[in-house]
Amino acid sequence: MERYMWSMDGEAMSENPAPIPFRLGERVRVNLINDTMMPHPIHLHGHFFELVCGAPGNRARKHTVNVLPGGKVSFDLTADAEGDWAFHCHMLLHMHAGMMRVVTVRKEEEA
Ligand SMILES: [Cu+2]
């Protein structure tokens, strides 16, 4: 895997990027765009999210979603779990090569 460079939003975990900040209670839409030639099962700790597909009220609730090569997936979540959460590809070789970030959920005054 050394010949691949894996990142999320252009930054690898090894570059010590700033966390992705969510405010406690905030409703967030996350767009995942896979511009690689491999699928990436993306997992967010601490939350369930709703896939943006189908009718509202009947959307799949998940904590991991596979993003196909060249594909795009959007999900909505309510950031209701305060803390620091791993957000990463579940293919461990990808995660260890940098495809991981930290999502922080903080109260408004601490954000
Ligand atoms: Cu991956």
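- The name given to the protein in an unreviewed UniProt entry is Plastocyanin-like domain-containing protein, with Novosphingobium guangzhouense as the source organism.

Comments concerning the overall build of the protein
- On a plain count of helices and strands, the protein comes out with one helix and nine strands.
- Ordered by position from the N terminus, the helices and strands of the protein form the series β-β-β-β-β-β-β-β-α-β.
- Compactness check: the protein gives a C-alpha radius of gyration of 14 Å against a globular reference of 13 Å for 111 residues, within 12% of the reference.
- With respect to the three principal axes, the spread of C-alpha positions in the protein is 40 × 35 × 20 Å.
- A sequence separation of at least 24 residues applies to 69% of the contacts in the protein between residues at least 6 apart.
- Carbon and sulfur atoms form 54% of the exposed surface of the protein, whose accessible area is close to 6,800 Å².

Focus: the side chain of Asn-34
- You can see Asn-34 is positioned in the loop between strand S2 (27–33) and strand S3 (40–44).
- From its side chain, Asn-34 meets the backbone oxygen of Val-67 in a polar contact 3.0 Å long.

Here's the deal with the sheet that holds strand S8 (residues 83–89)
- Ordered in space as S1-S9-S8-S3-S6, the five strands form an open sheet in which the pairing is mixed. Each end of this open sheet is capped by a strand with a single partner; those strands are strand S1 (20–23) and strand S6 (64–67). With strand direction ignored, the average angle separating the axes of adjacent strands in the sheet is 20°.
- Pairing geometry for S3 and S8, over three bridges, is antiparallel. Bridge pairing links Ile-42 to Cys-89 in S8.

Topic: the layout of surface pockets
- Size it by volume and the largest pocket reaches roughly 570 Å³.
- Around the largest pocket sit 26 residues that line it, and Met-8, Asp-9, Asn-31, Leu-32 and Ile-33 are the ones nearest its centre.
- Counting only elements with at least two residues in the lining of the largest pocket, the list comes to S1, S2, S3 and strand S9 (100–106).
- Among the elements that take part in the lining of the largest pocket, S2 stands out by supplying six residues, more than any other.
- Tallied by class, residues from the lining of the largest pocket come to 16 nonpolar, six polar and four charged.

Brief notes about the sheet that holds S2
- The four strands are arranged S2-S7-S4-S5 in an open sheet whose pairing can be described as antiparallel. The open sheet is flanked by S2 and strand S5 (61–62), the only strands paired with a single partner.
- Where strand S4 (residues 49–51) lies against S5, two bridges are found, and the strand directions are antiparallel. If you follow Glu-50 over to S5, its bridge partner there is Arg-61.

Here we look at the environment of Leu-51
- Mapped onto the elements, Leu-51 comes out in strand S4.
- On the accessibility criterion, Leu-51 (13% relative accessible area) is buried.
- Apart from residues no more than four positions distant in its own chain, Leu-51 is found in contact with Arg-59, Ala-60, Lys-62, Val-65, Val-73, Ser-74 and Phe-75.

How each quantity is defined
- Residues numbered from 1 in each chain as written.
- Predicted model: local features only at pLDDT ≥ 70, side-chain atom pairs only at ≥ 80, totals over all residues.
- Heavy atoms only, no water.
- Helix = DSSP H or I, 4+ residues; strand = E, 2+ residues; numbered from the N terminus.
- Rg over C-alpha atoms; globule rule 2.2 N^0.38 Å.
- Contact = heavy atoms within 4.5 Å.
- Areas by Shrake-Rupley, 256 points an atom, 1.4 Å probe, with all protein chains shown as cover.
- Polar contact = N/O pair within 3.5 Å; in protein donor to acceptor, adjacent residues only side chain to side chain.
- Pairing = 2+ DSSP bridges.
- Axes fitted to C-alpha atoms, helices over the stretch in contact; angles between N-to-C directions.
- 1 Å grid on protein atoms, 1.4 Å probe; cavity = no way out; pocket = protein on both sides within 12 Å on 5 of 7 lines; lining within 4 Å.
- Points joined across faces, edges and corners; volume = space filled by probe spheres on them.
- Nonpolar A, V, L, I, M, F, W, Y, C, P; charged D, E, K, R; others polar.
- Buried < 20%, exposed > 50% of the residue type's maximum accessible area, 1.4 Å probe, protein only.

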